[in-house]
Structures are given as structure tokens and as C-alpha cells.
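Structure assessment
Letter by letter, the chains look like this.
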Amino acid sequence: MTQLEEAVARYHKLLEAEPYKDLAWAQALAERMQAEHLTQGGRPICPFLRPHFITRRQYEGLVRAAEALFSAIDRVKQMALANPALLARMELLPAEKMLATADPGYPFLAVTSLLDARLANGSLYFVEYNADTPIGVAYGEALADLFYECAPVKEFRRRYALEKLGGKKHLLAAMLKAYKEFGGQRQPRIGILEFRQAFQTADQGEYVVLCEFFRSEGYAAEIVWPDQLEYRSGVLRRGRFEIDLIYRRVKVQEFLLRFDLSHPLVRAYREGKVCVVNSFRSELAHKKAIFDLLTDETVTADFPAAERKAIRQYIPWTRMVRPVKTTYQDETVDLLDFALKNREKLVLRPNDGVGEQHMVRGWESDASGWERALKRALRTPFVVQERVAPNFAVFPLLRYGQLEMRNMQVDLHPHAYLGKVQGCSSWLTTGESGFSSLAGLAPTFILEPKG
């Protein structure tokens, strides 16, 4: 049993003992989450009753690998913007391409970004990149504070040292640096851009938490919807609230499904009158095709040795689904024939993270179903990627007022600000396709024994 496994076993045993097994502390924890807006869809963002623990060695290895890859990804994006042939391989919509070529007013392609990591048994792989800020930044720090002081964790801390992994201050610092590079002269007024669903009656908890944080740091901040924005006389505003800096979590493709390039935000952005973080240019990296370019050695041949090593070691082989010849483990293969014959070790992922297209796991498909999926992938941009084994761990969770032990898939998300990793969050799912009410965030701590 490893040191980490021993610590987890000790924590689980603690929950079975008095005074914790009556779960009054867990009910109180859930009520605190509701009160502090740590919810998603009306339920607590974290149904789990223990944090996710990682060792310092694991965290430091995660940081080194992720920062090398963030640098390589930034390099690929720069190449794509300068090379129409590479940009075409990203499969951008015309409006996306137009926005990607607009100058955001600062040099950073991604102010905030994250990777989706699988860390287990000494192995580390990154299966997805997003030029985005995960909910783990807004929620993870608050969850860590709640758990750190809850009764069983306080008891657990008598034997183990726990280090929190926060990131809100780093997020704000990166936003302000982008705003300064943009040419902002005054303290920015921040608009947090949110899409509201037709049935939605309140702001999402994530945005409320961030808005309260920005205000606590002395910045005027409001949650705004695209429908509310106006652009007049060189000023973007929501009613009387003038906006200098937009914090954007709304993806471009989602935005373009409802609005066109004449929208006030787009006009203000293209005329250099509002700083947008992340810029519309960052959407290049939302495409899964970014991993196609990264794992194509003809593209990365001149990259620094450390970045090429990180790509080979940590990114699974990925190709856009096309009727082409390509390489796999230094051999030339017909891509479609190879994919057809090797479904057990392959997964199909839609190039875009939005829309109705879904991932198809080859090992869960029969031969005919996989063949149909490949044909669909030729019509709508998909990548085919080598399978990466998920990491599962047992977590206690509160369900219908009872303690339930559940085997959950754990994905780690290292958070980067201007390419530097500052913390990470842990997202837990059942590992099955589709929505599950059991999915959620777990606070992440670096664990070390005392003494």
C-alpha cells in the first residue's frame, strides 16, 4: 500500500467512527455550499465527502509537464495564425477564423488555460486542452476552505499536512496584466459574460463567486449577458455600467449560434475599445485538432527539445479523421483503414467542444457501430485519438442522506495563467457516457505526512 493509499484508507475509516458517522457534519457542509453559491443546477457542486489528495512529487511533475505543453501549444497557435495551411487544419468556421485574426490588443494567445490530465500509477497523460478557466478556479478554492475546516478533515490534519491549491488571485493578476498590455489606463470595470438559459432565473454560482471576489479586491464588477450589451460612442456598456474588461467563458461557437459579427461585444473588440479575456483568438486551442498538430512531427520538428519530449511522453497520438496516409509509431498507415481495424484502442472526439456531437469509445462499440461512427466523422470534423486509461478511485459521497462509497473517474485540471501553472482542480465522474448527477468537483490538496 502506497503512502497515499494508506492516507485515503485512514480517512475512510475515520468517517466510520464517532462522531462522524451520523453525517450531521456532511449535511452542514452541503448547506454551507448552498449558502456560498457553490452549486450547479441547484445542487452542491461537490457531493463527495473527502478531498482528492495528491503528493507533492505528483503535483511538481504535473506542473513541469503541463508548462512544457502550454508552451508548445502556444507555439503551434502562433504558427497556425501565420500559416494558412496549418490554420485550415484547425477546421474553423469562417466567422471563427475572422475573429481569430482580429488583434485582441495584447500579445498573449491564452491568458488562462487548462489541460485535462489522467494521473495514475506513475503515468501521466493529457487528453484535452482548453483555453478556458475551469469552474475549479472559482469553486475549488472555496471548497478547499470549507473542507479544510470541517470536522473529519481537521481530525485527519492531526496526522497529515494538507496544502490548498487556490488560483483566484492568479486569475485576476493575469487579467490585469492583459488589460495593462491592452493599454488600459484606469482601474478596469469588469463584466463577467454569462449566457442565460430560457429557464434560468438566477446567475450561475460560479459567476457569483468570481464577481464577489473581484469586488472584494476593489474592482467594480457585474455579471452581464450578451443580450444586455450596448456599444455607443466607443464604450461597451450594460445600462449605466461601462465595461473596460470582459471576462469571457462563453465559447465563440456558442456565441455565434445566437449572434453575428455585428454584436456590440464583437464591434467593441474589433475596434480595440474593450479588453476581452480570453480573447477570441484563443478559440484556436478549443479545437481538438490542436493535438493533431502537436503530435505531427513535421509540424513540431523545430520545437525545443524539452517541448518535443513532453509531447511524445504526455500526449496520446491524435489525428483529424480524413482519408489520408499518416504515421503511427514511425510507420506509415492509411488512417481510415488503421482506425477501422484498431477500434479497441481508439476514441473519436468531436473537434468542437459544443454542439450535439459526442465522443465515441471504440472499445464500447461493435465493429458496425464503429464503422458508422467513422463515416460520420468524415462529414463533421472529428479527431481519432489513442485510448488513455482513466484513473479511478473510491470516494465517499452523500446521497439521499446516506453515505455511499463509489468508484469515480478522476480527471485533474492544472490551471495556467499566462503559461504558468498555479494550482489544479479535480473533476469526478462515473466514467460513463452522458449526464450523471454524481459528477462534481472535489477540493484538491497536496498531502504530506507530519513528523
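Residues numbered from 1 in each chain as written. Predicted model: local features only at pLDDT ≥ 70, side-chain atom pairs only at ≥ 80, totals over all residues. Heavy atoms only, no water.

The number of helices and strands found in the protein chain is 16 helices and 24 strands. The C-alpha atoms of the protein chain give a radius of gyration of 23 Å, which matches the 22 Å a tight globule of 451 residues would have. Principal-axis analysis of the C-alpha atoms places the extent of the protein chain at approximately 65 × 60 × 45 Å. In the protein chain, which comprises 451 residues, the share counted as buried stands at 56%. Look at the contacts in the protein chain between residues 6 or more apart in sequence, and 71% of them connect residues 24 or more apart. About 20400 Å² of surface is accessible on the protein chain, with carbon and sulfur atoms providing 47% of the total. A distance of 1 Å separates the average location of the 61 positive side-chain charges in the protein chain from that of its 56 negative side-chain charges. (Helix = DSSP H or I, 4+ residues; strand = E, 2+ residues; numbered from the N terminus. Rg over C-alpha atoms; globule rule 2.2 N^0.38 Å. Buried < 20%, exposed > 50% of the residue type's maximum accessible area, 1.4 Å probe, protein only. Contact = heavy atoms within 4.5 Å. Areas by Shrake-Rupley, 256 points an atom, 1.4 Å probe, with all protein chains shown as cover. Lys, Arg positive; Asp, Glu negative; His and termini not counted. Charge placed at Lys NZ, Arg CZ, Asp CG, Glu CD.)

Glancing now at the environment of Arg-343. With respect to the helices and strands, the residue Arg-343 is situated in the loop between α15 (335–341) and β17 (346–350). Sequence separation between Arg-343 and Asp-366 is 23 residues; the distance between their C-alpha atoms is 8.8 Å. Those residues in contact with Arg-343, other than ones at most four positions away along the chain, are Gly-362, Trp-363, Ser-365, Asp-366, Ala-367 and Trp-370.

With that settled, the discussion passes to the packing of helix α8 (residues 168–182) against helix α9 (residues 205–216). Remark: α8 packs on α9, axes separated minimally by 11 Å, with the N-to-C direction vectors making an angle of 70°. Taken together, the axes of α8 and α9 lie roughly perpendicular to each other. Note that α8 runs across α9; the crossing there is right-handed. On the side of α8, the interface is formed by Lys-168, Lys-169, Leu-171, Leu-172 and Met-175, while α9 contributes Leu-210, Phe-213 and Phe-214. Split by residue class, the contact of α8 with α9 holds six nonpolar, no polar and two charged. (Axes fitted to C-alpha atoms, helices over the stretch in contact; angles between N-to-C directions. Parallel < 35°, antiparallel > 145°, perpendicular 65-115°, else oblique. Left-handed = near helix turned anticlockwise from the far one by under 90°. Nonpolar A, V, L, I, M, F, W, Y, C, P; charged D, E, K, R; others polar.)

Inspection of the secondary structure puts Thr-326 in strand β15 (residues 325–328). Judged by relative accessible area, which is 12%, Thr-326 ranks as buried. Within polar-contact distance, the side chain of Thr-326 engages the side chain of Arg-319 at 2.7 Å. Discounting residues that sit within four places of it in the chain, Thr-326 has contacts with Trp-317, Arg-319, Glu-331, Thr-332, Val-333 and Leu-335. (Polar contact = N/O pair within 3.5 Å; in protein donor to acceptor, adjacent residues only side chain to side chain.)

Sheets are built from strands that pair by backbone hydrogen bonding, the pairs being arranged parallel or antiparallel. Taken in spatial order, the four strands make up an open sheet running β14-β19-β17-β18, and their pairing is antiparallel. Only two strands of the sheet have a single neighbouring strand rather than two, namely β14 (318–320) and β18 (360–361). (Pairing = 2+ DSSP bridges.)

Residue Pro-19 is reached from Glu-18 by a cis peptide bond, and omega for that bond is 5°. In this chain, Val-277 is followed by Asn-278 through a cis amide linkage whose omega measures -10°. Assignment of secondary structure puts Asn-278 in the loop between β13 (275–277) and α12 (289–294). With a phi angle near 55°, Tyr-400 is a residue other than glycine that sits in the positive phi range. By the element assignment, Tyr-400 lies in the loop between β20 (392–399) and β21 (402–417).

Once that is clear, we can look at the sheet that holds strand β24 (residues 444–449). Ordered by their spatial adjacency, three strands build an open sheet running β3-β24-β6, and the pairing between neighbours is mixed. Where the open sheet ends on each side, the last strands, each with one partner, are β3 (52–54) and β6 (160–164). Strand-to-strand twist of the sheet, defined as the mean angle between neighbouring strand axes without regard to direction, takes the value 40°. Across three bridges, the pairing between β3 and β24 is parallel. Residue Phe-53 lies in a different strand from β24, and its bridge partner there is Phe-445. Across the face of the sheet, helix α3 (residues 56–82) comes into contact with β3, β6 and β24 while running at roughly 135° to β24. Docked against the sheet, helix α6 (residues 135–149) engages β6 and β24, running at close to 160° with respect to β6.

A few words now on the environment of Ala-178. Structurally, Ala-178 is set in helix α8. Distance from Ala-178 to Met-90, taken between C-alpha atoms, is 25 Å for residues 88 residues apart in sequence. Non-local contacts of Ala-178, meaning those with residues more than four positions away in its chain, are made with Tyr-106, Phe-108, Val-111, Cys-275 and Val-277.

As a further point, take the packing of aromatic side chains. Under the criterion given, the structure shown has 19 aromatic pairs. With a centroid separation of 6.2 Å and 35° between ring planes, the pair formed by Tyr-148 and Phe-445 is classed as tilted. Here Tyr-148, found in helix α6, pairs with Phe-445, found in strand β24; they are 297 residues apart in sequence, far enough to count as distant. Grouping aromatic residues by their ring pairs yields a cluster made of Phe-195, Phe-255, Phe-259, Tyr-269 and Phe-280. In this structure, Lys-164 is placed above the aromatic ring of Tyr-148, and the distance from its NZ or CZ to the ring centre is 4.7 Å. (Phe/Tyr/Trp six-rings, centres within 6.5 Å; stacked < 30°, edge-to-face > 60°. Lys NZ or Arg CZ within 6 Å of the ring centre and 35° of its normal.)

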